Amino acid sequence: MYLQRTVQRLQQKYGPGATGEVNLYDFQGIQYYGEISLGTPGQTFTVLFDTGSADLWIPSSKCKFWDIVCWFHSKYNSKKSSTYQDDGRPFSIKYVTGSASGFLSRDVLTIGGLEVTNQTFAEITDPSLMFIWSEFDGILGLAFKSVAQSKENPPFVNLIKQQVVAKPFFSFYLSEEGGELALGYTDKSHYSGRFTFKPLIKPAKFWSFFLDRITVDSQDVGVDNVTAIVDSGTSLIAGPPGQIKAINNLIGAKEILGLYIVDCNTIDQLPNVVFHINGVQFNLTGRDYVLEMRRFVVFKVCISGFMEVDLGAPIWILGDVFLRRVYTQFNNGRGRLGFALAV
């Protein structure tokens, strides 16, 4: 009933398309993306909703002609929008696997039927080549302003400041069939039981908290009250090399060319990998943490969802492999994360 009332209030205020819900499309379990629009009338784009960054960017109609990445993605054209506002400041951003640069602009952003006015975003004129393989056009960051390269409010912060969302939090549900980003509410049809809450590590830059332990069945892998970042923009679960090696050894994964490969015939017999949060255990089965990648219809490779990353500190990144099993609430208002078993 609460969800129905929330949607009704949004539709009364913003029209029949205002649900606060964004349907997410799944590409092979490694990319989840959904639709937004910019401008008046709206120009539609697909974006990766990324809790590990804080900027919104879209390819620009002013993209360099010889940049083939722009050929394969939708581009924003400021001349077609009556609500466009010039900014012009230069913009650049770097990710682990790519970069993008261009300039800043402002316009109306529509997400889940909800409108944000005067949203600052980047028009990208020079995306790195790796984005040619992406199923999405751009990226919408959901982390905090302190890490925004634009130095401007991220979209969800503006949704709160402009009093558009019902409550100051959003929730992620991911599955093999797709997913849902719920803005301002949680969808009880996607989780069971109660939430387990953890406060954010302050000062809040990313969605980070202290993770109690990780075990493989009952075997400890050396994780004890470490920093963990929940990052919807990362496909796998990443951690320090020594602890990742320990997990992959215990699940029988073999390292080949930097990836850990699992025998596809053993997935249902693999041990549980257990994340301990505030005394609650979240179990990931082999079906949860192994990605089955198919090539040429008949050729299949099974990849462990645990990969090594050396950040110079014992930091874990809990990506989509984690989010498919754990329904997560990202609460700006109370400065905390909530975890519940996804269904």
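Note: the structure precedes this text.
So, here's what we can say about the structure.

Definitions and limits used
Residues numbered from 1 in each chain as written. Predicted model: local features only at pLDDT ≥ 70, side-chain atom pairs only at ≥ 80, totals over all residues. Heavy atoms only, no water. Disulfide = S-S within 2.5 Å. Buried < 20%, exposed > 50% of the residue type's maximum accessible area, 1.4 Å probe, protein only. Helix = DSSP H or I, 4+ residues; strand = E, 2+ residues; numbered from the N terminus. 1 Å grid on protein atoms, 1.4 Å probe; cavity = no way out; pocket = protein on both sides within 12 Å on 5 of 7 lines; lining within 4 Å. Points joined across faces, edges and corners; volume = space filled by probe spheres on them. Nonpolar A, V, L, I, M, F, W, Y, C, P; charged D, E, K, R; others polar. Pairing = 2+ DSSP bridges. Axes fitted to C-alpha atoms, helices over the stretch in contact; angles between N-to-C directions.

Counting across every chain of the model gives 2 disulfides. One disulfide bridge connects Cys-63 with Cys-70, the sulfur atoms lying 1.8 Å from each other. Where Cys-63 bonds to Cys-70 through sulfur, the torsion about that S-S bond is close to 60°, and the disulfide is right-handed. You can call Cys-63 buried: its relative accessible area is 12%. Residue class for Cys-70 comes out buried when judged on its relative accessible area of 3%. Cys-264 shares a disulfide with Cys-302; S-S distance 2.1 Å. Taking the torsion about the S-S bond as the criterion, the Cys-264 to Cys-302 disulfide, at about 120°, is right-handed. Taken together, the positions of Cys-264 in the loop between strand E16 (259-262) and strand E17 (273-277) and Cys-302 in strand E20 (residues 299-304) put the pair 38 residues apart, joining distant regions of the chain.

We now examine the layout of surface pockets. In this model, the largest pocket occupies a volume close to 1,500 Å³. Val-96, Thr-97, Asp-231, Gly-233 and Thr-234 are, among the 50 residues lining the largest pocket, the residues nearest its centre. Looking at the lining of the largest pocket, the elements with two or more residues in it are strand E3 (43-50), strand E5 (85-95), strand E13 (219-230), strand E19 (290-295) and strand E22 (315-318). Of the residues assigned to the lining of the largest pocket, the class counts are 29 nonpolar, 13 polar and 8 charged.

Okay, the sheet that holds E22 next. With mixed pairing, the 7 strands of this open sheet are ordered in space as E18-E17-E12-E13-E22-E14-E21. In the strand order of this sheet, the two ends are held by strand E18 (280-284) and strand E21 (306-308), each with one partner. Sheet twist, expressed as the mean angle between neighbouring strand axes with direction ignored, is 35°. Note: E17 against E18, 5 bridges, orientation antiparallel. In the strand pairing of E18, Val-273 is matched with Leu-284.

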